[in-house]
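Observations on the three-dimensional arrangement
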Amino acid sequence: QRRFRFGREMLEHLEDAVRRARQRLALGSHEDDTEDRLLLAVVVNRGLYRKVRASLSPEDFDDARAKELFALLEECFRNESEDLDGLLSAIADEDLRAFVLARSASDAFTVNPDRIVSDGIARIKLKSLERRRAELLIRMRTAKGAGPDAAKVLEDLLTEKMHIDA
């Protein structure tokens, strides 16, 4: 039986890791904050929403908070409400409202917002295609034993995979 001894340095390291994790949760940050950056750039620069709307759909987003913010931006777009107050009043989730308010106050989204939006769209689309491709591969593996229609199902799935890979 092994005994583990935690030295002071190890405990400090673990406490620091826990502190950083708590800060990330409090700030709502993610390892990949592409979705947040894209949507916050649009919150600050509403004129760019048309570009996002034409390129992405709610299904392209992984994060539930990002999906909600995307839907609220769409609602504001349809209601022709382009001010931050209108968006904030539409957000029911207090944490999301605080997140949007705190992060949109940053100047980070006023410097080259077109680039932030273009890069964000490209990354989210790529991630979405990778996710669809992985799902197709799983479906292809399970379709092999699907009985008499297996060949047709596999052919359809392979066609869809080739479309994604193109």
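This text gives an overview of the structure that appears in the document. (Residues numbered from 1 in each chain as written. Predicted model: local features only at pLDDT ≥ 70, side-chain atom pairs only at ≥ 80, totals over all residues. Heavy atoms only, no water.)

1. Let's talk about the packing of aromatic side chains
Stated formally: A pair of Phe, Tyr and Trp rings is counted when the ring centres sit within 6.5 Å of each other, with Trp represented by its six-membered ring. The angle between the planes then sorts it: under 30 degrees is stacked, over 60 is edge-to-face, the rest tilted. Under the DSSP-based scheme used, a helix requires at least four consecutive residues in state H or I and a strand at least two consecutive residues in state E, with every element numbered from the N terminus. Each residue is assigned to one of three classes by its accessible area relative to the maximum for its type, calculated with a 1.4 Å probe on protein chains only: buried under 20%, partly exposed between the two thresholds, exposed over 50%.
The tally for this structure, following the rule as stated, stands at three aromatic pairs. Judged by centre distance (5.5 Å) and plane angle (50 degrees), the rings of Y49 and F77 are tilted. Here the residue Y49 occupies a position in helix α3 (residues 49-55), and F77 occupies one in helix α4 (residues 64-78), the gap between them amounting to 28 residues. Accessibility expressed as a relative area gives 2% for Y49, which makes it buried. An aromatic cluster is built from Y49, F61, F70 and F77, whose rings are joined through pairwise contacts.

2. Re a negative patch on the surface
Inclusion rule: Each patch is built from residues lacking any salt bridge and having more than 30% relative accessible area; the joining distance is 9 Å for like charges and 5 Å for nonpolar side chains (Val, Leu, Ile, Met, Phe, Trp, Tyr). Surface exposure here means Shrake-Rupley accessible area, sampled with a 1.4 Å probe, where a residue is shielded only by the protein chains that are shown. The salt bridge definition used is simple: a Lys or Arg side-chain nitrogen within 4 Å of an Asp or Glu carboxyl oxygen. Charged residues are defined here as Lys and Arg on the positive side and Asp and Glu on the negative side; His and the ends of the chain fall outside this count. All charge positions are set by atom: Lys at NZ, Arg at CZ, Asp at CG, Glu at CD.
On the surface, E80, E82, D83 and D85 cluster together into a negatively charged patch. Looking at the element boundaries, D83 is found in the loop between α4 and α5 (84-90).

3. Describing the pattern of salt bridges
Across all of its chains, the model carries nine salt bridges by this definition. A salt bridge links D62 to K127; the shortest N-O distance between them is 3.5 Å. One end of the pair, D62, is in the loop between α3 and α4; the other, K127, is in helix α7 (residues 113-143), and 65 residues separate them in sequence. A residue is classified by how much of its surface remains accessible, and D62, at 41% relative accessible area, is partly exposed. Using a relative accessible area of 22% as the deciding quantity, one classes K127 as partly exposed. In this structure, the salt-bridge partner of D119 is R115, at a minimum N-O distance of 3.0 Å. Of this pair, D119 and R115 both sit in helix α7, four residues apart, which is roughly one turn of the helix. With a relative accessible area of 30%, D119 lands in the partly exposed category.

4. Digging into the packing of helix α2 (residues 34-44) against α7
Convention followed: Helix axes use the C-alpha atoms of the stretch in contact, all axes being lines fitted to C-alpha atoms, and the angles between their N-to-C directions lie in the range 0 to 180 degrees. For classification, angles of less than 35 degrees are called roughly parallel, those exceeding 145 degrees roughly antiparallel, those between 65 and 115 degrees roughly perpendicular, and all remaining angles oblique. In this scheme the handedness of a crossing depends on how the near helix is turned from the far one: anticlockwise by less than a right angle means left-handed, clockwise means right-handed. Here, two residues are considered to be in contact whenever any of their heavy atoms come within 4.5 Å of each other.
Packing of α2 against α7 leaves a shortest axis separation of 9 Å and a crossing angle of 140 degrees. Classified by the interaxial angle, the pair formed by α2 and α7 is oblique. At the point where α2 passes α7, the crossing takes the left-handed sense. In this structure, α2 contributes T34, E35, R37, L38, A41 and V42 to the contact, and α7 contributes I116, V117, G120, I121, R123, I124 and K127.

5. Some remarks on the environment of S118
Formally: We call two N or O atoms a polar contact when they sit within 3.5 Å, provided that within protein one can donate a hydrogen and the other can accept it, with sequence-adjacent residues counted only if both atoms are side-chain atoms.
Here S118 shows up in helix α7. The class of S118 is partly exposed, set by a relative accessible area of 28%. Sequence spacing of S118 and L38 is 80 residues, and the spatial spacing of their C-alpha atoms is 8.4 Å. There is a polar contact of 2.5 Å between the side chain of S118 and the side chain of K51.

Bear in mind that shape data such as this cannot, by itself, settle questions of function.
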